[in-house]
Amino acid sequence: MDIRVGRIINRLEQLGSISDNSDCLSRFFGTNAHSKAKDLLVLWMQQAGLKVLCDNIGNVRGIYKSNVENAKHFVIGSHYDTVFNAGKFDGPLGIIMGIEIAQRLIKENKDLPFHLNIISFSDEEGSRFNTAYLGSSALAGEFKQDWLLRKDDSGKTLSDTIRNYSENFEAIFNDKIPKQDWLGYYEIHIEQGPVLCEKDLPICLVSSIASQTRINVNWQGVSGHAGTSPMNLRYDALCAASEFILEVEKTGTAYQDKLVATVGKMNVLSNTSNVIPELVCHSLDVRSADEGFLNQITDLLQKKAKQISEKRNIGLKWEIMQTNPAVLCDNQLKDLLRKSINKIGITNPIEIPSGAGHDAVMISKVAPISMLFVRCKDGISHNPEEYASPEDIEVSLKVSDQFLEELIKVN
Ligand SMILES: [Zn+2]
């Protein structure tokens, strides 16, 4: 087996052991573990021979420069933040493999027609501020000023958190690679779904990434004593939220061929056993490959929420935090990737859409994107059981080396 595969697995383990929680892997944007992981990535990139830059949102950029005048940038990237109780592969696999891909070219002293950037994005999951793609949005020049006011669960703002990485967070807006300087983007990621396992395939092409909407829903009731408030005189925010969440499930199930809908996070005030819940805030995540349909169903869910709030006399606040349209992977890059897969001996690789969002979504606003999915065991992800085999990692490494060769040839 390629000696690099052992190093990739070893590094996945090392990065996977850096957590803010002693019982599980959790590495949200801007935490101690997040900074520690960043330092390790800087070290690995330096060891690979890359010139390393850390930007103002915490992205780590390793660059292998081209000698060609006015060369454009080709980026291989993924993210190093995680969800709570995460697996070791989601994100880090794409970064660590990117470092190996660059290191091979540096060792061979290869003259590149483009600047090769390996980028570790600081936030993709959005677990802390409910704003996905903070890292890639800065690189794409899509970072929004009003995000700086977003607060985490403890009330700390994003701008205060960014001070971990930057004295001057206004500089975030200068961290972008300007649109005209991009050549393209490539991301290697575990599939996070069951298709490759079912078809017994190590890898596949990605055709598109589903559209996604993230909404914060707040239910405002009235707190009261759990012992003295009669049932018919209550304004229980948690009961209203519960009724709505079951509607979300019902709606998602009714349209399951085209849509998924999830409530994954909830805060209850005062979260006390003998007090009627006064305020409930929860997330709502809706995704579909069909953007028009996604909007239609999101409107329908908002209507249902309004009906529940009126029926129960509970206040409702519906705040759209982020919407991302469906994006297509670039045909030319996909053809090169398919050719690379063929060259390592896999004929007719399949192509599937991604239900999960990826940094490629943000980058697609400024550059052609491409993605390679790697089989993960039983399709499990966002879970400590997440696993990709050394054999499959080796296949994806071979494909990626070949992809870079093809890219060098045509540019
Ligand atoms: Zn990911």
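Each chain has its residues counted from 1, following the order in which its sequence is written. At least 70 in pLDDT is required for a residue's local features to be given in this predicted model, at least 80 for side-chain atom pairs to be given and counted, and no such filter applies to totals for whole chains, interfaces and linings, which use all residues. Side-chain metrics rest on all non-hydrogen atoms present in the structure, leaving aside hydrogens and water.

In the nomenclature of an unreviewed UniProt entry, the chain is known as Allantoate deiminase of Flaviramulus basaltis. UniProt positions are given in the numbering used here, feature names are shortened, and annotations may be inferred rather than shown by experiment. The Subunit (unreviewed entry) comment attached to the chain in UniProt states, word for word, "Homodimer."

Colleague: Explain the UniProt feature "binding site: allantoate" (unreviewed entry) in the chain here, please?
Modeller: Under the UniProt annotation, the feature "binding site: allantoate" (unreviewed entry) is placed at Arg214, Asn274 and Arg287. These annotated residues cover 74 residues of sequence, and their C-alpha atoms sit far apart, with the largest distance between any two at 36.8 Å. The secondary structure listing takes helices from DSSP runs of H or I that are at least 4 residues long and strands from runs of E that are at least 2 residues long, numbered from the N terminus. On the secondary structure map, Arg214 appears in strand E7 (residues 211-220). The classification of residues rests on relative accessible area computed with a 1.4 Å probe and restricted to protein chains. Under 20% of the type maximum is buried, over 50% is exposed, and intermediate values are partly exposed. Exposure remark for Arg214: the relative accessible area of 13% places this residue in the buried category. Sequence-distant contacts of Arg214, defined by excluding residues within four places in its chain, comprise Glu125, Gly126, Asn130, Thr131, Ala132, Leu284, Asp285, Glu319, Ile320, Met321 and Gln322. Here a polar contact is recorded for every N or O atom pair within 3.5 Å, except that within protein the pair must consist of a potential hydrogen donor and a potential acceptor, and residues adjacent in sequence are included only if both atoms are side-chain atoms. Polar contacts involving the side chain of Arg214 include one to the main-chain carbonyl oxygen of Glu125, which spans 2.9 Å. Along the polypeptide, Asn274 turns up in the loop between strand E9 (266-269) and strand E10 (279-288). In what follows, a contact means two residues having at least one pair of non-hydrogen atoms within 4.5 Å. Aside from chain neighbours lying at most four places away, what touches Asn274 is Gly224, His225 and Ala226.

Colleague: Whenever I open this one, the pattern of salt bridges confuses me. Can you help?
Modeller: Two side chains carrying opposite charge are able to pair once their charged atoms lie near each other. A pairing counts as a salt bridge when a side-chain nitrogen of Lys or Arg comes within 4 Å of a carboxyl oxygen of Asp or Glu. Using the criterion set out here, one finds 28 salt bridges in the structure. With a shortest N-O distance of 3.1 Å, Arg163 and Asp160 are connected by a salt bridge. The salt bridge involving Asp392 is made with Arg375; its shortest N-O contact spans 2.7 Å. Placement of the pair is Asp392 in helix H11 (residues 390-410) and Arg375 in the loop between strand E14 (369-374) and H11, with a sequence separation of 17 residues. Residues participating in the shared-partner salt-bridge network are Asp2, Arg4, Arg104, Glu108, Lys110, Asp401 and Glu405.

Colleague: Looking at this structure, I do not really get the packing of aromatic side chains. What am I missing?
Modeller: Each aromatic ring pair is specified by the distance between its two centres and by the angle formed by the two planes. Whether two aromatic rings pair depends on their centres lying within 6.5 Å, for rings of Phe, Tyr and Trp, where Trp uses its six-membered ring; planes under 30 degrees apart make the pair stacked, over 60 edge-to-face, and the rest tilted. With the rule as written, the count across this model stands at 11 aromatic pairs. Here the aromatic rings of Phe121 and Tyr185 are separated by 6.4 Å at their centres, their planes lie at 45 degrees, and the arrangement is tilted. Taken together, the residues Phe121 in strand E4 (residues 115-121) and Tyr185 in strand E5 (residues 182-190) connect sequence positions 64 residues apart. By the ring-pair criterion, three or more aromatic residues cluster together here, those being Phe74, Phe114, Tyr186 and Phe403.

Colleague: Just to check I follow, could you spell out the domain arrangement of the chain for this structure?
Modeller: Where the parts come together, the accessible area they lose is often given as the size of the interface. These domain boundaries are the output of an automatic or database domain assignment. Entries for the chain in the domain assignment read domain 1 (3-210 + 327-410) and domain 2 (211-324). Just the C-alpha atoms count here: the centres of domain 1 and domain 2 sit 33 Å apart. With 17 residues of domain 1 at the interface, the matching set in domain 2 holds 12 residues. Interface of domain 1 and domain 2: buried area, both sides summed, is about 1,100 Å²; carbon and sulfur atoms make up 36% of it. Inspection of the domain 1/domain 2 interface yields one salt bridge. Between Asp153 and Lys265 there is a salt bridge, and its shortest N-O distance comes to 3.3 Å. By buried area we mean how much accessible surface two parts lose on assembly, using a 1.4 Å probe and totalling the loss over both.

Colleague: Help me understand helix H9 (residues 331-343), please; the structure alone is not making it clear to me.
Modeller: Quick reminder: α-helices carry 3.6 residues per turn. Residues three or four places apart thus point the same way. For H9, with 13 residues, the first-to-last C-alpha span of 18 Å sits near the 18 Å given by 1.5 Å per residue. As for H9, its buried residues are in contact with strand E3 (73-79), E5, strand E6 (203-209), strand E13 (351-354), E14 and H11. Capping the start of H9, Asp330 holds a side-chain oxygen 3.2 Å from the backbone nitrogen of Gln332, two or three residues further along. Looking one or two places after H9, you find Gly345, whose phi comes out positive at around 100 degrees. By this rule, a helix spans an expected 1.5 Å times one less than how many residues it contains.

Colleague: Help me understand the side chain of Arg128 in this model?
Modeller: Within the element layout of this structure, Arg128 appears in the loop between E4 and helix H4 (134-140). The exposure class assigned to Arg128 is buried, which follows from its relative accessible area of 15%. In this structure the side chain of Arg128 is engaged in a polar contact, spanning 2.9 Å, whose partner is the backbone oxygen of Phe29. Here Arg128 is in contact with Phe28, Phe29, Gly30, Thr31, Lys151, Asp152, Lys156 and Thr161, once residues within four sequence places are set aside.

Colleague: Hey, could you run me through the UniProt feature "binding site: Zn(2+) 1" (unreviewed entry) in the chain in this one?
Modeller: When the UniProt feature table is mapped to this numbering, "binding site: Zn(2+) 1" (unreviewed entry) covers His79, Asp90 and His189. A maximum C-alpha distance of 9.9 Å is found for the annotated residues, which run over 111 residues; spatially they form one tight group. Inspection of the secondary structure assignment puts His79 in strand E3. We classify His79 as buried; its relative accessible area is 0%. In this structure, His79 is in contact with Asp90, Gly91, Pro92, Ile95, Phe121, Glu124, Glu125, His189 and Asp359, ignoring residues within four places of it in sequence. Only 3.0 Å separates the side chain of His79 from the side chain of Asp90, close enough to count as a polar contact.

Colleague: Is there a simple way to think about the nonpolar core in this case?
Modeller: Proteins that are soluble and globular tend to have nonpolar side chains buried together. Note on terminology: a nonpolar core comprises buried Ala, Val, Leu, Ile, Met, Phe, Trp, Tyr and Cys residues joined through side-chain atoms within 4.5 Å. Ranked by internal contacts, the top residues of the largest apolar core, which has 53 residues, are Phe74, Leu116 and Ile393. Ranked by the residues each element gives to this core, the list is headed by helix H3 (residues 92-107), at nine residues. Excluding anything up to four places from it in sequence, Leu116 contacts Gly62, Ile63, Tyr64, Phe74, Ile76, Ala102, Leu105 and Leu404. Listed in part, the 39 residues of the second largest apolar core include Leu158, Leu196, Ala360 and Val366.

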